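Residue-level structural notes
What follows is the residue order along each chain.
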Amino acid sequence: MQITLIAIGKTDKAELEQLIALYEKRLKHYIKFEFVVLPDIKNSKNLSEAQQKEKEGELILAQLQPTDTLVLLDENGKQYTSLDFAQFLQKKMNSGLKNLVLAIGGPYGFSDAVYAKCSGKISLSKMTFSHQMVRLFLVEQLYRGFTILRNEPYHHQ
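Residues numbered from 1 in each chain as written. Predicted model: local features only at pLDDT ≥ 70, side-chain atom pairs only at ≥ 80, totals over all residues. Heavy atoms only, no water.

**Concerning the overall build of the protein chain**
Applicable threshold: Runs of E in the DSSP output that reach at least two residues are strands. Runs of H or I that reach at least four are helices, and both are numbered from the N terminus. The quantity called the radius of gyration is restricted to C-alpha atoms. Its globule counterpart is 2.2 Å times the number of residues to the power 0.38.
Each helix and strand counted, the protein chain has 5 helices and 5 strands in total. Listed N to C, the secondary structure of the protein chain is β-α-β-α-β-α-β-α-β-α in terms of helices and strands. Taken over C-alpha atoms, the radius of gyration comes to 15 Å for the protein chain, in line with the 15 Å a tight globule of 157 residues would show. The principal-axis extent of the C-alpha atoms belonging to the protein chain is close to 50 × 35 × 25 Å.

**Considering the packing of helix α3 (residues 82-94) against helix α5 (residues 131-149)**
To keep it simple, the criterion reads: Helix axes are fitted only over the stretch in contact, all axes being lines through C-alpha atoms; the angle between N-to-C directions runs from 0 to 180 degrees. In these notes the angle categories are as follows: under 35 degrees is roughly parallel, over 145 is roughly antiparallel, 65 to 115 is roughly perpendicular, and the rest is oblique. A contact between two residues is defined here by any heavy atoms of the two lying within 4.5 Å.
One can describe the packing of α3 onto α5 by two numbers: an axis separation of 8 Å at closest approach and a directional angle of 75°. Overall, the two elements α3 and α5 adopt an arrangement that is roughly perpendicular. For the pair formed by α3 and α5, the contact residues are S82, L83, F85, A86, Q87, L89, Q90 and M93 on the first element and L138, Q141, L142, R144, G145, F146, I148 and L149 on the second.

**A look at the sheet that holds strand β3 (residues 69-79)**
As a general point, the strands of a sheet are linked pairwise by backbone hydrogen bonds and lie either parallel or antiparallel. Where we set the bar: Strand pairing is assigned whenever DSSP identifies at least 2 bridges connecting the two strands.
Ordered by their spatial adjacency, 5 strands build an open sheet running β2-β1-β4-β3-β5, and the pairing between neighbours is parallel. The sheet terminates laterally at β2 (32-38) and β5 (120-123), the two strands that pair on one side only. Between one strand axis and the next, the sheet turns by 30° as a mean value, whatever way the strands run. Note that β3 and strand β4 (residues 99-104) share 5 bridges and pair parallel. Counterpart to T69 in the pairing with β4 is L100. On top of the sheet, helix α2 (residues 49-62) reaches β1 (2-8), β2 and β4; it is set at about 160° to β1, its chief contact.

**Some words on the side chain of E56**
Our working rule: Note on exposure labels: buried denotes an accessible area under 20% of the residue type's maximum, exposed denotes more than 50%, and partly exposed covers the range between, all computed with a 1.4 Å probe on protein chains only. Just so you know, the count uses Lys and Arg for positive and Asp and Glu for negative, and it drops His and the chain ends. A carboxyl oxygen of Asp or Glu within 4 Å of a side-chain nitrogen of Lys or Arg is what we treat as a salt bridge.
The topology assignment puts E56 in helix α2. No salt bridge is formed by the buried E56; the nearest opposite charge belongs to K53, separated by 8.6 Å. Excluding residues within four positions of it along the chain, E56 makes contact with I8, I41, G106, P107 and G109.

**Comments concerning the pattern of salt bridges**
Taken as a whole, this structure holds 1 salt bridge when the rule is applied. One salt bridge connects R144 with E140, and the closest N-O pair in it is separated by 2.8 Å. Residue R144 and its partner E140 are both found in helix α5; the two are separated by 4 residues, about one turn of the helix. Residue R144 shares its accessibility class with E140, and that shared class is buried.

Encoded structure:
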(Lines give C-alpha, C1' and ligand atoms only; values in the text may rest on other atoms or scores of the structure.)
Protein backbone atom coordinates (compact mmCIF):
# COMPACT_ATOMS: atom_id res chain seq x y z
CA MET A 1 0.00 0.00 0.00
CA GLN A 2 1.02 3.58 -0.57
CA ILE A 3 -0.07 6.57 1.49
CA THR A 4 -0.44 9.93 -0.22
CA LEU A 5 -0.95 13.08 1.81
CA ILE A 6 -2.50 15.98 -0.11
CA ALA A 7 -2.48 19.50 1.34
CA ILE A 8 -3.43 22.91 -0.06
CA GLY A 9 -0.73 25.59 0.01
CA LYS A 10 2.91 25.38 0.94
CA THR A 11 4.24 25.60 4.47
CA ASP A 12 5.65 29.05 5.21
CA LYS A 13 7.59 28.05 8.33
CA ALA A 14 11.00 26.47 7.70
CA GLU A 15 10.93 24.86 11.16
CA LEU A 16 7.71 23.01 10.35
CA GLU A 17 9.05 21.94 6.96
CA GLN A 18 12.13 20.48 8.64
CA LEU A 19 10.06 18.51 11.14
CA ILE A 20 7.68 17.26 8.44
CA ALA A 21 10.68 16.17 6.35
CA LEU A 22 12.13 14.34 9.37
CA TYR A 23 8.98 12.26 9.87
CA GLU A 24 8.54 11.74 6.11
CA LYS A 25 12.04 10.26 5.98
CA ARG A 26 11.33 8.00 8.95
CA LEU A 27 7.97 6.95 7.53
CA LYS A 28 9.50 5.82 4.25
CA HIS A 29 11.22 2.97 6.13
CA TYR A 30 7.77 1.43 6.63
CA ILE A 31 5.65 2.33 3.63
CA LYS A 32 5.70 4.12 0.30
CA PHE A 33 4.73 7.70 1.14
CA GLU A 34 4.14 10.75 -1.02
CA PHE A 35 3.39 14.29 0.15
CA VAL A 36 1.63 16.38 -2.51
CA VAL A 37 1.34 20.11 -1.88
CA LEU A 38 -1.21 21.78 -4.14
CA PRO A 39 -0.78 25.48 -4.90
CA ASP A 40 -2.85 28.07 -3.09
CA ILE A 41 -5.80 29.36 -5.12
CA LYS A 42 -4.87 32.58 -6.92
CA ASN A 43 -6.89 35.71 -6.09
CA SER A 44 -8.74 33.86 -3.32
CA LYS A 45 -9.64 37.22 -1.74
CA ASN A 46 -12.00 37.78 -4.69
CA LEU A 47 -13.75 34.43 -4.13
CA SER A 48 -16.50 33.46 -1.72
CA GLU A 49 -15.84 30.62 0.74
CA ALA A 50 -17.92 28.29 -1.46
CA GLN A 51 -16.00 29.26 -4.62
CA GLN A 52 -12.67 28.74 -2.89
CA LYS A 53 -13.77 25.31 -1.61
CA GLU A 54 -14.93 24.38 -5.13
CA LYS A 55 -11.60 25.35 -6.73
CA GLU A 56 -9.59 23.57 -4.04
CA GLY A 57 -11.86 20.56 -4.38
CA GLU A 58 -11.18 20.39 -8.11
CA LEU A 59 -7.44 20.38 -7.41
CA ILE A 60 -7.78 17.57 -4.86
CA LEU A 61 -10.04 15.43 -7.03
CA ALA A 62 -7.69 15.85 -10.02
CA GLN A 63 -4.98 14.08 -7.99
CA LEU A 64 -7.04 10.93 -7.46
CA GLN A 65 -6.86 7.70 -9.40
CA PRO A 66 -10.01 5.53 -9.68
CA THR A 67 -8.59 2.92 -7.28
CA ASP A 68 -7.58 5.44 -4.58
CA THR A 69 -9.35 5.56 -1.23
CA LEU A 70 -9.82 9.12 -0.03
CA VAL A 71 -9.97 9.94 3.70
CA LEU A 72 -10.38 13.55 4.78
CA LEU A 73 -8.89 15.31 7.77
CA ASP A 74 -12.06 16.95 9.04
CA GLU A 75 -13.13 18.42 12.37
CA ASN A 76 -16.26 16.25 12.28
CA GLY A 77 -14.33 13.05 11.57
CA LYS A 78 -13.70 10.03 13.74
CA GLN A 79 -11.14 10.49 16.49
CA TYR A 80 -8.63 7.74 17.19
CA THR A 81 -6.13 6.98 19.88
CA SER A 82 -2.67 6.32 18.46
CA LEU A 83 -3.21 2.56 19.00
CA ASP A 84 -6.58 2.68 17.23
CA PHE A 85 -5.07 4.68 14.36
CA ALA A 86 -2.37 2.02 13.98
CA GLN A 87 -5.13 -0.59 13.73
CA PHE A 88 -6.92 1.57 11.14
CA LEU A 89 -3.72 1.56 9.06
CA GLN A 90 -3.33 -2.21 9.49
CA LYS A 91 -6.92 -2.81 8.31
CA LYS A 92 -6.32 -0.65 5.24
CA MET A 93 -3.16 -2.61 4.42
CA ASN A 94 -4.90 -5.96 5.02
CA SER A 95 -7.73 -4.97 2.67
CA GLY A 96 -5.34 -4.90 -0.29
CA LEU A 97 -5.78 -1.18 -0.76
CA LYS A 98 -3.41 0.24 -3.36
CA ASN A 99 -3.30 3.91 -2.30
CA LEU A 100 -4.71 5.55 0.81
CA VAL A 101 -5.05 9.28 0.14
CA LEU A 102 -5.31 11.55 3.17
CA ALA A 103 -6.38 15.11 2.37
CA ILE A 104 -6.02 18.30 4.38
CA GLY A 105 -8.33 20.95 2.96
CA GLY A 106 -8.01 24.68 2.78
CA PRO A 107 -9.12 27.15 5.45
CA TYR A 108 -12.83 26.58 4.78
CA GLY A 109 -12.77 22.80 4.51
CA PHE A 110 -13.87 20.71 1.55
CA SER A 111 -16.37 21.08 -1.26
CA ASP A 112 -19.45 18.86 -1.49
CA ALA A 113 -17.82 17.02 -4.41
CA VAL A 114 -14.83 16.06 -2.25
CA TYR A 115 -17.10 14.92 0.59
CA ALA A 116 -19.06 12.81 -1.91
CA LYS A 117 -15.86 11.09 -3.08
CA CYS A 118 -14.39 10.34 0.34
CA SER A 119 -14.76 7.05 2.15
CA GLY A 120 -14.13 8.43 5.62
CA LYS A 121 -13.15 11.36 7.79
CA ILE A 122 -10.59 11.61 10.58
CA SER A 123 -10.30 14.30 13.22
CA LEU A 124 -7.00 14.73 15.03
CA SER A 125 -8.62 16.63 17.90
CA LYS A 126 -11.64 18.62 18.96
CA MET A 127 -9.27 21.58 19.00
CA THR A 128 -8.55 23.59 15.88
CA PHE A 129 -5.00 23.52 14.52
CA SER A 130 -3.46 25.48 11.69
CA HIS A 131 -3.39 23.58 8.41
CA GLN A 132 0.39 23.68 8.55
CA MET A 133 0.53 22.10 12.02
CA VAL A 134 -1.92 19.38 10.98
CA ARG A 135 0.57 18.21 8.34
CA LEU A 136 3.22 17.68 10.98
CA PHE A 137 0.83 16.02 13.44
CA LEU A 138 -0.50 13.65 10.79
CA VAL A 139 2.90 12.60 9.43
CA GLU A 140 4.10 12.01 13.02
CA GLN A 141 1.00 9.93 13.79
CA LEU A 142 1.52 7.86 10.64
CA TYR A 143 5.09 7.19 11.75
CA ARG A 144 3.91 6.41 15.29
CA GLY A 145 1.28 4.04 13.91
CA PHE A 146 3.82 2.01 11.99
CA THR A 147 6.17 1.83 14.97
CA ILE A 148 3.24 0.52 17.04
CA LEU A 149 2.48 -2.12 14.39
CA ARG A 150 6.13 -3.22 14.48
CA ASN A 151 6.30 -3.19 18.30
CA GLU A 152 9.13 -0.67 18.18
CA PRO A 153 9.90 1.45 21.26
CA TYR A 154 8.82 4.88 19.89
CA HIS A 155 5.30 4.81 21.42
CA HIS A 156 4.89 4.42 25.17
CA GLN A 157 1.68 3.08 26.63
